[in-house]
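# Coordinate analysis (summary)
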Amino acid sequence: MTQTITGYHAHVYFDAETEKTARQVCEEAARRFPVEMGRVHRRNVGPHPRWSCQLAFHPEAFDKVLPWLMLHRQGLTVFVHPNTGEELLDHRDRAIWMGEMLELDLSVFD
């Protein structure tokens, strides 16, 4: 069975000291690219081990968004995963990390 990637999520992680930077990175990505900026969560949400902001985008934007994040993440950790409908695999086996690799709470997918 061939999986289809219907989109991507990039989660920009931050803490109280780096929240302003994370907002700036996410807002700039949303201005430059066809990216939907989600809420800025000042708490851990889902499997994410830190506060985060989600950037959602279609596969056609991947080759623009990822290189830009690589160069402009300003030291923040960014977790990128595809959306195929298989959430555990998408988060555990198919993800890309920029910066520190953190341990996700995969129990949310049980």
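The structure displayed is predicted, hence computed values, not measured ones.

This brings us to the packing of helix 1 (residues 19-32) against helix 2 (residues 62-72). Where helix 1 meets helix 2, the axes come as close as 11 Å, and the angle between the chain directions of the two elements is 150°. Compared by their axis directions, helix 1 and helix 2 come out roughly antiparallel. The chirality of how helix 1 crosses helix 2 is right-handed. Contacts between helix 1 and helix 2 involve V25, E28, A29 and R32 from the first element and W68, L69 and H72 from the second. Among the residues making up the contact of helix 1 with helix 2, the classes are represented as four nonpolar, one polar and two charged.

The full count for this structure, using the stated rule, is zero disulfides. Cysteine C26 is unpaired, with the sulfur of C53 as its nearest cysteine sulfur at 3.5 Å. The class for C26 is buried, based on a relative accessible area of 0%.

The next thing to look at is the sheet that holds strand 1 (residues 7-14). Strand pairing within a sheet occurs via backbone hydrogen bonds; the two strands may be parallel or antiparallel. Strand order in this open sheet of five strands is 2-3-1-4-5, and the pairing throughout is antiparallel. Either end of the sheet is taken by a strand with one partner, and the two such strands are strand 2 (35-41) and strand 5 (96-98). Pairwise comparison of adjacent strand axes, ignoring direction, gives a mean angle of 20° for this sheet. Inspection of the sheet shows strand 1 paired to strand 3 (residues 51-57) by seven bridges, in the antiparallel sense. From the neighbouring strand, H9 faces strand 3, where its bridge partner is A56. Taken strand by strand, helix 1 contacts strand 1, strand 2 and strand 3, and its axis lies near 160° from that of strand 2. Lying on the sheet, helix 2 is in contact with strand 1, strand 2, strand 3, strand 4 (78-83) and strand 5; it crosses strand 5 at an angle near 30°.

Counting residues in hydrophobic clusters, the biggest one holds 23 residues, and the most contacted among them are L55, F57 and L69. Secondary structure elements with two or more residues in this core: strand 1, helix 1, strand 2, strand 3, helix 2 and strand 4. In contact with F57, not counting residues within four places along its chain, are G7, Y8, A10, P34, V35, F62, V65 and L66. Within the second largest apolar cluster, five residues are counted, among which are Y13, F79, L102 and L104.

What counts and how
Residues numbered from 1 in each chain as written. Predicted model: local features only at pLDDT ≥ 70, side-chain atom pairs only at ≥ 80, totals over all residues. Heavy atoms only, no water. Axes fitted to C-alpha atoms, helices over the stretch in contact; angles between N-to-C directions. Helix = DSSP H or I, 4+ residues; strand = E, 2+ residues; numbered from the N terminus. Parallel < 35°, antiparallel > 145°, perpendicular 65-115°, else oblique. Left-handed = near helix turned anticlockwise from the far one by under 90°. Contact = heavy atoms within 4.5 Å. Nonpolar A, V, L, I, M, F, W, Y, C, P; charged D, E, K, R; others polar. Disulfide = S-S within 2.5 Å. Buried < 20%, exposed > 50% of the residue type's maximum accessible area, 1.4 Å probe, protein only. Pairing = 2+ DSSP bridges. Core = buried A, V, L, I, M, F, W, Y, C linked by side-chain atoms within 4.5 Å.

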